[in-house]
Amino acid sequence: MTELDKQTCLHCDRDNNQVPLLNLKYKDTQFWICTEHLPVLLHRPEELTGKLPDAENLRGVDHD
Ligand SMILES: [Zn+2]
């Protein structure tokens, strides 16, 4: 498994024994994010810079 294939939250690194994880597909790669950090992806995706490719280019839902 590569680093990106591990099934842990891309933000907090917890696995599905600790938190519910949601599966994402982005740039043909699978990512996992926990329910606690899904709002980060939705509202402040730039915080995932370095964890999700091009996260700095994603637009948050509340972006103005
Ligand atoms: Zn998390």
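See the structure above.
Attention here is on the structure that accompanies the text. On a predicted model such as this, the values are computed, not experimentally measured, just so you know.

### A closer look at the overall build of the protein chain
Item 1. The number of helices and strands found in the protein chain is one helix and two strands.
Item 2. In the protein chain, the order of α-helices and β-strands from amino to carboxyl end is β-β-α.
Item 3. Considering only contacts in the protein chain between residues 6 or more positions apart, those separated by 24 or more positions represent 25%.

### Observations regarding the pairing of strand S1 (residues 21-26)
Item 1. Here six bridges tie S1 to strand S2 (residues 29-34), and the two strands are oriented antiparallel to one another. Note on S2: the bridge partner recorded for Asn-23 is Trp-32.
Item 2. Counted along the chain from S1 to the antiparallel partner S2, the turn is two residues long, and its residue Lys-27 has a positive phi close to 55°.

### Overview of unusual backbone geometry
Item 1. We note that Asp-13 has phi near 70°; this positive angle belongs to a residue other than glycine.
Item 2. We note that Lys-27 has phi near 55°; this positive angle belongs to a residue other than glycine.
Item 3. Structurally, Lys-27 can be placed in the loop between S1 and S2.
Item 4. C-beta crowding within 10 Å serves as the criterion here: with 9 such atoms nearby, Lys-27 is assigned to the exposed category.

### Description of the nonpolar core
Generally speaking, nonpolar side chains in soluble globular proteins are found buried as a group.
Item 1. Counting eleven residues, the largest nonpolar core is built from Cys-9, Leu-10, Leu-21, Phe-31, Trp-32, Ile-33, Cys-34, Val-40, Leu-41, Leu-48 and Leu-52.
Item 2. Of all the elements in the fold, those that place two or more residues in this core are S2 and helix H1 (38-43).
Item 3. A total of four residues in this core trace back to one element, the largest contributor, which is S2.
Item 4. Those residues in contact with Leu-48, other than ones at most four positions away along the chain, are Leu-10, His-11, Val-40, Leu-41 and Ala-55.

### Details of the environment of Val-40
Item 1. Mapped onto the elements, Val-40 comes out in helix H1.
Item 2. Linking Val-40 and Gly-60, residues 20 residues apart in sequence, is a C-alpha distance of 8.7 Å.
Item 3. Each residue touching Val-40, except ones within four places of it in the same chain, is listed here: His-11, Glu-47 and Leu-48.

### Description of the environment of Thr-8
Item 1. Structurally, Thr-8 is set in the segment before S1.
Item 2. Judged by the 17 C-beta atoms lying within 10 Å of it, Thr-8 is partly exposed.
Item 3. Sequence separation between Thr-8 and Trp-32 is 24 residues; the distance between their C-alpha atoms is 5.9 Å.
Item 4. Setting aside its immediate chain neighbours within four residues, Thr-8 contacts Asp-13, Arg-14, Asp-15 and Trp-32.

The rules behind the values
Residues numbered from 1 in each chain as written. Predicted model: local features only at pLDDT ≥ 70, side-chain atom pairs only at ≥ 80, totals over all residues. Helix = DSSP H or I, 4+ residues; strand = E, 2+ residues; numbered from the N terminus. Contact = placed C-beta atoms within 7 Å. Pairing = 2+ DSSP bridges. Buried ≥ 20, exposed ≤ 12 C-beta atoms within 10 Å, placed from the backbone. Core = buried A, V, L, I, M, F, W, Y, C linked by C-beta atoms within 7 Å.

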